[in-house]
Amino acid sequence: MSFLLPCPYCGPRPVDEFACFGEVTNRPNGPPTLAELTEYVYFRDNVAGLQREWWQHRAGCAEWFLATRDTRTNAVSDVSVPDAARAG
């Protein structure tokens, strides 16, 4: 086990129980241009430091949540449930 990840539903669990689906990105506003769509789909910031990411507790409650993780140390500073009003 490399680190514990605190699930907002189940509490701290080994990271092996989770799947990371990458950093949180911002959707283009309105109909995107080809360049905007390409940027959104294919490019990521991949920062060395704090990064907001999508996670799913695959071997537990199966819920999705957001985590702020330091990519250099794997220290998790914040977890939260996605805002349903902003989804979709």
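All figures in this text were calculated on a predicted structure; none of them were measured in a lab. (Residues numbered from 1 in each chain as written. Predicted model: local features only at pLDDT ≥ 70, side-chain atom pairs only at ≥ 80, totals over all residues. Heavy atoms only, no water.)

Where do I start with the side chain of E53 in this structure?
Examined against the element boundaries, E53 turns out to sit in strand β4 (residues 50-56). Taking relative accessible area as the criterion, E53 reaches 1% and is therefore assigned buried. Among the polar contacts listed, one links the side chain of E53 to the side chain of Q51, at a separation of 3.0 Å. Once you skip the residues sitting within four places of it in the chain, E53 turns out to touch C20, G22, E23, V24, F65, L66, A67, R69 and T71. (Helix = DSSP H or I, 4+ residues; strand = E, 2+ residues; numbered from the N terminus. Buried < 20%, exposed > 50% of the residue type's maximum accessible area, 1.4 Å probe, protein only. Polar contact = N/O pair within 3.5 Å; in protein donor to acceptor, adjacent residues only side chain to side chain. Contact = heavy atoms within 4.5 Å.)

What is the right way to read the pattern of salt bridges from this model?
Close approach of charged atoms lets side chains of opposite charge pair. Inspection of every chain in the model, using the stated rule, returns four salt bridges. With its nearest N and O atoms 3.4 Å apart, the salt bridge here joins D78 to R52. Note that D78 is positioned in strand β6 (residues 76-80) and R52 in strand β4, a separation of 26 residues in sequence. Look at R52 and you get partly exposed, because its relative accessible area is 28%. Across the pair R72 and D70 runs a salt bridge, and its minimum N-O distance is 3.0 Å. (Salt bridge = Lys/Arg side-chain N within 4 Å of Asp/Glu carboxyl O.)

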